[in-house]
Amino acid sequence: MLYIVIGNVIVFVLDMFSRYSFSHMLTFVPYYIFHGQIWRLVTFIFVPEGSKLFFVAISLYFYYFIGNALEREWGSARFTVFYGIGVLVNIAVGLVLSFLYGLNYPWPVVSMYYINMSLFFAFAALYPDLQVLLFFIIPVKVKWLAWIDAAFFAWSILSSLFHLNWVGVVLPVVAILNFLLFFSSDAARIFGRVRHRTSRQTINFKKATKEAKKDKGYLHKCAVCGITDADDPNMEFRYCSKCSGYYCYCMDHINNHVHIQ
């Protein structure tokens, strides 16, 4: 995601000196693609959405923050597959829609806007109760922002249907399907975890954790700030897979700590 954000910044800066003509050479326009400008099949990823510095900076910071969090949680390979599938499907949709609009249609057909926005669904699925500052001021949980994002997707689809804008219908649907397809394994793991709760091993584990909590007064303790589940029962704790050993961190430090080697 870092490379994508850097590419967007470079294109935006060059646009400022070229009156936005530079990004016009990179967007996904089938007319020019079929006339030899095949670089547009890739370069449309780096075209920023919008022309205002403030909104572009906010959106790129958002993409960088969400993308890095997902990459730390999944690993670079899995995140690349998730994002890469969105890119490839967008390319396929763009080429199919080009025949619907006609090969002589000289305007952009697809962009990465909805795929980038769908990253928030993945982030909310992993950290639903994480609290962020909306506009750097208003504290709100990620899951509520995800509902707002879903409402925006629904409104975009319905308004595009009303105006018979098939691009506006297909692109958000493709982004949602990419998210649902990729998270099917996570849903299966969640259901498997529910079935596992009835096993004898799970019952013994509950007994062991109850005894540990009775001895120490808590079960989980953050290795950075020292907060425990006894101090804040609503706090979520996770173990870092990149640290050597079993080190527990609260949600405030799971993505913001020095890995212990």
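Worth saying up front: this structure is predicted, and the values here are computed from it rather than measured.

**Some points on the overall build of the chain**
Inference 1: Looking only at helices and strands, the chain has 11 helices and 4 strands in total.
Inference 2: Counting every position in the chain, which comprises 261 residues, the buried fraction comes to 38%.
Inference 3: Once local pairs closer than 6 in sequence are excluded, the contacts in the chain between residues at least 24 apart make up 57%.
Inference 4: Entry remark: accessible area of the chain is about 16,100 Å², with carbon and sulfur atoms responsible for 67%.

**A look at the packing of aromatic side chains**
Inference 1: For the coordinates displayed, the defined rule picks out 15 aromatic pairs.
Inference 2: Consider the rings of Phe-28 and Phe-44, whose centres lie 5.4 Å apart with planes at 80 degrees: the pair is edge-to-face. Residue Phe-28 is found in the loop between α2 (21–24) and α3 (30–33), and its partner Phe-44 is found in the loop between α4 (40–43) and α5 (53–74); the two are separated by 16 residues along the sequence. Comparing Phe-28 with Phe-44, the two get one shared label, buried.
Inference 3: Between Phe-152 and Phe-153, the ring centres sit 6.3 Å apart and the planes meet at 80 degrees, which makes this aromatic pair edge-to-face.
Inference 4: We classify Phe-152 as partly exposed; its relative accessible area is 31%.
Inference 5: Of the residues examined, Phe-153 reaches a relative accessible area of 1% and is grouped as buried.

**A word on empty space enclosed by the protein**
A water-sized probe, rolled over the atoms, reveals where empty space remains.
Inference 1: Applying the stated rule across the entire model yields 1 cavity of 30 Å³ or more.
Inference 2: Around the largest cavity, the lining comprises 16 residues; the ones closest to its centre are Asn-8, Val-47, Glu-49, Tyr-63 and Asn-116.
Inference 3: Of all the secondary structure elements, the ones that give two or more residues to the lining of the largest cavity are α1 (2–18), α5 and α7 (113–126).
Inference 4: Ranked by the residues each element gives to the lining of the largest cavity, the list is headed by α5, at 3 residues.
Inference 5: Across the lining of the largest cavity, the residue classes break down as 11 nonpolar, 4 polar and 1 charged.

**Quick word on α5**
An α-helical segment advances 3.6 residues per turn. Residues three or four places apart therefore align on the same side.
Inference 1: Relative to the 32 Å expected for 22 residues at 1.5 Å per residue, α5 spans 31 Å between its end C-alpha atoms, a close match to the ideal helical length.
Inference 2: Backbone geometry just after α5 places Gly-75 at a positive phi near 100 degrees.

**Re the environment of Cys-248**
Inference 1: When you line up the elements, Cys-248 lands in strand β4 (residues 248–250).
Inference 2: Residues Cys-248 and Cys-222 lie 26 residues apart in sequence; the distance between their C-alpha atoms is 5.3 Å.
Inference 3: With residues near it in sequence (within four places) discarded, Cys-248 still touches His-220, Lys-221, Cys-222, Ala-223, Phe-237, Arg-238 and Tyr-239.

**Some words on helix α8 (residues 142–162)**
Inference 1: The end-to-end C-alpha distance of α8, which contains 21 residues, comes to 30 Å, matching closely the 30 Å that a straight helix rising 1.5 Å per residue would cover.
Inference 2: Burial in α8 covers these residues: Val-142, Leu-145, Ala-146, Asp-149, Phe-153, Ser-156, Ile-157 and Ser-160. One side of α8 holds all its buried residues, which, seen down the axis, span an arc of 125 degrees. Turned more than 90 degrees away from the buried face of α8, the exposed residues are Trp-147, Ile-148, Trp-155, Leu-158 and Phe-162.
Inference 3: Leu-164, located one to two residues past α8, shows a positive phi value of around 55 degrees.

**Here we look at the environment of Leu-119**
Inference 1: Note on placement: Leu-119 falls in helix α7.
Inference 2: With 52 residues separating them along the chain, Leu-119 and Gly-67 place their C-alpha atoms 7.2 Å apart.
Inference 3: Those residues in contact with Leu-119 that lie beyond four places of it in its chain are Met-1, Ile-66, Leu-70, Phe-79, Phe-82 and Tyr-83.

**Considerations on the packing of α5 against α7**
Inference 1: Running from N to C, α5 and α7 point in directions that differ by 50 degrees, and their axes come no closer than 10 Å. Our classification of the angle between α5 and α7 gives oblique. For the pair α5 and α7, the crossing hand works out as left-handed. Contacts between α5 and α7 involve Phe-62, Tyr-63, Phe-65, Ile-66, Ala-69, Leu-70, Glu-73 and Trp-74 from the former and Tyr-113, Asn-116, Met-117, Leu-119, Phe-120, Ala-122, Phe-123 and Leu-126 from the latter.
Inference 2: Residues of the contact of α5 with α7, tallied by class, amount to 14 nonpolar, 1 polar and 1 charged.

**With respect to the confidence of the model for the chain**
Inference 1: Per-residue pLDDT for the chain has a mean of 77; in total, 82% of the residues score no lower than 70.
Inference 2: When pLDDT is averaged over each element of the chain, α1 comes out on top at 89 and helix α10 (residues 184–196) at the bottom at 47.

**Some details on the nonpolar core**
Inference 1: Counting residues in hydrophobic clusters, the biggest one holds 58 residues, and the most contacted among them are Phe-44, Leu-70, Trp-74, Tyr-83, Leu-119 and Phe-123.
Inference 2: For this core, the elements supplying multiple residues, two or more each, are α1, α5, α6 (76–101), α7, α8, α9 (166–182) and β4.
Inference 3: In terms of residues, this core owes the most to one element, α7, which gives 10 residues.
Inference 4: Look past the residues within four positions of Tyr-83 in its chain and what remains in contact with it is Met-1, Ile-4, Ile-45, Met-112, Ile-115, Asn-116 and Leu-119.

Thresholds, definitions, all that
- Residues numbered from 1 in each chain as written.
- Predicted model: local features only at pLDDT ≥ 70, side-chain atom pairs only at ≥ 80, totals over all residues.
- Heavy atoms only, no water.
- Helix = DSSP H or I, 4+ residues; strand = E, 2+ residues; numbered from the N terminus.
- Buried < 20%, exposed > 50% of the residue type's maximum accessible area, 1.4 Å probe, protein only.
- Contact = heavy atoms within 4.5 Å.
- Areas by Shrake-Rupley, 256 points an atom, 1.4 Å probe, with all protein chains shown as cover.
- Phe/Tyr/Trp six-rings, centres within 6.5 Å; stacked < 30°, edge-to-face > 60°.
- 1 Å grid on protein atoms, 1.4 Å probe; cavity = no way out; pocket = protein on both sides within 12 Å on 5 of 7 lines; lining within 4 Å.
- Points joined across faces, edges and corners; volume = space filled by probe spheres on them.
- Nonpolar A, V, L, I, M, F, W, Y, C, P; charged D, E, K, R; others polar.
- Expected span 1.5 Å × (residues − 1).
- Arc of directions from axis to C-beta.
- Axes fitted to C-alpha atoms, helices over the stretch in contact; angles between N-to-C directions.
- Parallel < 35°, antiparallel > 145°, perpendicular 65-115°, else oblique.
- Left-handed = near helix turned anticlockwise from the far one by under 90°.
- pLDDT = per-residue confidence, 0-100.
- Core = buried A, V, L, I, M, F, W, Y, C linked by side-chain atoms within 4.5 Å.

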